[in-house]
Amino acid sequence: MKAILVKVDASRSLYLADMPAPQPGPDAVLIKVHATAVNRADLLQRRGLYPPPPGESEVMGLEAAGVVVAKGANVNDWQIGARVMCLLGGGGYAEYVSVNHNMLLGIPEHLSFEQAAAIPEVFYTAFANLFLEGDLKAGESLLIHAGASGVGTAAIQLARQAGAKVFITAGSDDKIRRCLELGAEAGINYKTDDFAARMTELTQQQGVEVILDCVGGEYLHKNLSLLRLKGRHVLIGLLGGDKAEIDLALVLRKRLRLIGSVLRSRNLAEKINITGLFKEKILPLFANRQIHPVIDSVYPLAEAGKAHEHVAANKNFGKVVLRVAANES
Ligand SMILES: NC(=O)c1ccc[n+]([C@@H]2O[C@H](COP(=O)([O-])OP(=O)(O)OC[C@H]3O[C@@H](n4cnc5c(N)ncnc54)[C@H](OP(=O)(O)O)[C@@H]3O)[C@@H](O)[C@H]2O)c1
């Protein structure tokens, strides 16, 4: 099969290579991949900074949408030909990928493979961190940093569906405008405004109950100052750095909870558990068209390098998708 590999030299450039297709074990299915999508983590993995968990494919790609073409002896719940999408530990940037059958989600009828490929990683991340980790409830206020990211565009929609009031930060007025269209109450351009001062004004000094933060670094202190009593700070990324000074008195006095969370390194049982909850609580929202994947652009798999450049330059609003199978959407 064709797959995207990384040159093991200083360039770390991407190239389309031939490699053997994976063989599904007894509890797995083989998916013919029609589309996959780029995640921020892929940029790190490409540079050798985010290796796949043990046992996962060396090929990049944390999600896929396609068709079941073979299955292991223990798989009875999915038929050959089923249209499916799934979260992966790796291996999506390829024509075929093998995954445990309990990780599969049926693609809602009205969605194409390209739209479906834009769902698993960011919507699972938003779902798990807003609700399972952050315990976000109706009527609460939420601040999402990088609101225009793949994760941000998913989180805005899920939080709104849950009845929360959503504030976002982003690096351009155009991205903010588009976040407002998705349901955010207000947005702050962190390049031209101090987000903490502006949030204090916007919330009439009340702050928010939950912050979904992928920036880390110097944002931590401002985030803690914005949290209300018993607020939850959910850290999911380190785009701004992995070191920060922390005012523990603030944490103590406001009885805050600081939560760190990663999806990829969770074990299979944990991922299957999230998949079950996602199937029950979130998939119907797609089927009923209450939420939708947000796609910035689609590149052929062979142009994965160009897709990465686009993401690395922070140009995307929502997801950058890679089309794997030709002439099919
Ligand atoms: N923990 C988990 O399980 C998990 C899972 C998935 C993703 N993540 C994390 O979630 C974040 C978003 O992922 P994604 O794939 O959705 O990203 P993405 O679509 O590539 O978007 C990332 C956006 O973050 C903003 N940004 C970049 N550097 C920044 C900085 N130093 N300060 C503030 N904003 C910055 C940029 O938008 P602006 O133009 O607005 O600056 C950029 O477009 C990443 O940090 C990723 O690692 C975590």
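Residues numbered from 1 in each chain as written. Predicted model: local features only at pLDDT ≥ 70, side-chain atom pairs only at ≥ 80, totals over all residues. Heavy atoms only, no water.

Undergrad: Tell me about the domain arrangement of the protein chain, and name the residues and values.
TA: When cut into domains, the protein chain gives domain 1 (2–119 + 264–323) and domain 2 (122–260). Averaged C-alpha coordinates put domain 1 and domain 2 at centres separated by 27 Å. Contacts between domain 1 and domain 2 engage 27 residues on the former and 19 residues on the latter. Between domain 1 and domain 2 the total buried area reaches about 2,000 Å² when both faces are included, carbon and sulfur atoms providing 67% of it. Interface area lost by domain 1 to domain 2 is led by I274, F278 and F317, which between them contribute 28%. One can count one salt bridge joining domain 1 with domain 2. Where E133 meets R266, a salt bridge forms, and the shortest distance between an N and an O atom there is 3.2 Å. Taken together, the connections running from domain 1 to domain 2 amount to seven residue pairs in polar contact (both at pLDDT 80 or more). At five residues, the largest contribution of residues to the side of domain 1 that touches domain 2 is made by helix 9 (residues 268–281). For the side of domain 1 that touches domain 2, the residue count by class is 15 nonpolar, seven polar and five charged. (Domains from an automatic or database assignment. Contact = heavy atoms within 4.5 Å. Buried area = accessible area lost by both parts, 1.4 Å probe. Salt bridge = Lys/Arg side-chain N within 4 Å of Asp/Glu carboxyl O. Polar contact = N/O pair within 3.5 Å; in protein donor to acceptor, adjacent residues only side chain to side chain. Helix = DSSP H or I, 4+ residues; strand = E, 2+ residues; numbered from the N terminus. Nonpolar A, V, L, I, M, F, W, Y, C, P; charged D, E, K, R; others polar.)

Undergrad: Outline helix 7 (residues 219–226), listing residues and values.
TA: For helix 7, the set of buried residues is Y219, L220, N223, L224 and L226. Buried residues along helix 7 cover an arc of 160 degrees about the axis, so they all sit on one side. Tucked into the core, helix 7 has its buried residues touching strand 8 (141–144), helix 6 (195–202), strand 11 (208–213), strand 12 (227–235), helix 8 (248–253) and strand 13 (257–260). (Buried < 20%, exposed > 50% of the residue type's maximum accessible area, 1.4 Å probe, protein only. Arc of directions from axis to C-beta.)

Undergrad: Account for the layout of surface pockets, with residues named and values stated.
TA: As a volume, the largest pocket reaches approximately 1,300 Å³. Taken together, 48 residues form the lining of the largest pocket, with R40, A41, C214, G237 and L239 sitting closest to its centre. Of all elements in the fold, only helix 1 (40–46), helix 3 (120–133), helix 4 (150–161), strand 9 (165–170), helix 11 (304–312) and strand 15 (319–323) reach the threshold of two or more residues within the lining of the largest pocket. In terms of residue class, the lining of the largest pocket is built from 25 nonpolar, 15 polar and eight charged. Space inside the second largest pocket adds up to approximately 430 Å³. Lining the second largest pocket are 26 residues, with E56, G89, G90, S98 and V99 positioned closest to its centre. For the lining of the second largest pocket, a count of residues per class yields 15 nonpolar, seven polar and four charged. (1 Å grid on protein atoms, 1.4 Å probe; cavity = no way out; pocket = protein on both sides within 12 Å on 5 of 7 lines; lining within 4 Å. Points joined across faces, edges and corners; volume = space filled by probe spheres on them.)

Undergrad: Any chance you could break down the pairing of strand 4 (residues 63–71) for me, citing the residues and the numbers?
TA: Across seven bridges, the pairing between strand 3 (residues 28–37) and strand 4 is antiparallel. Counted as the bridge partner of A35 is A65 from strand 4. Alignment of strand 4 against strand 5 (residues 83–87), held across five bridges, turns out to be antiparallel. When the bridges of strand 5 are listed, A65 appears paired with M85. (Pairing = 2+ DSSP bridges.)

Undergrad: So, the sheet that holds strand 12: which residues are in play, and what are the values?
TA: Sheet architecture is open: six strands sit in the order 10-9-8-11-12-13, paired in parallel fashion. With partners counted over all chains shown, the strands left at the sheet margins are strand 10 (186–189) and strand 13, one partner each. When strand polarity is set aside, the average angle formed by the axes of neighbouring strands in this sheet is 15 degrees. With four bridges joining them, strand 12 and strand 13 adopt parallel strand pairing. When the sheet's bridge partners are listed, V234 is paired in strand 13 with I259. (Axes fitted to C-alpha atoms, helices over the stretch in contact; angles between N-to-C directions.)

Undergrad: So, the side chain of K175: which residues are in play, and what are the values?
TA: Within the secondary structure, K175 is located in helix 5 (residues 173–182). Although K175 lies buried, it forms no salt bridge, and the closest oppositely charged side chain, D296, sits 7.9 Å away as judged by the N-O distance. Here K175 is in contact with A148, A170, N314, N316 and F317, once residues within four sequence places are set aside. (Lys, Arg positive; Asp, Glu negative; His and termini not counted.)

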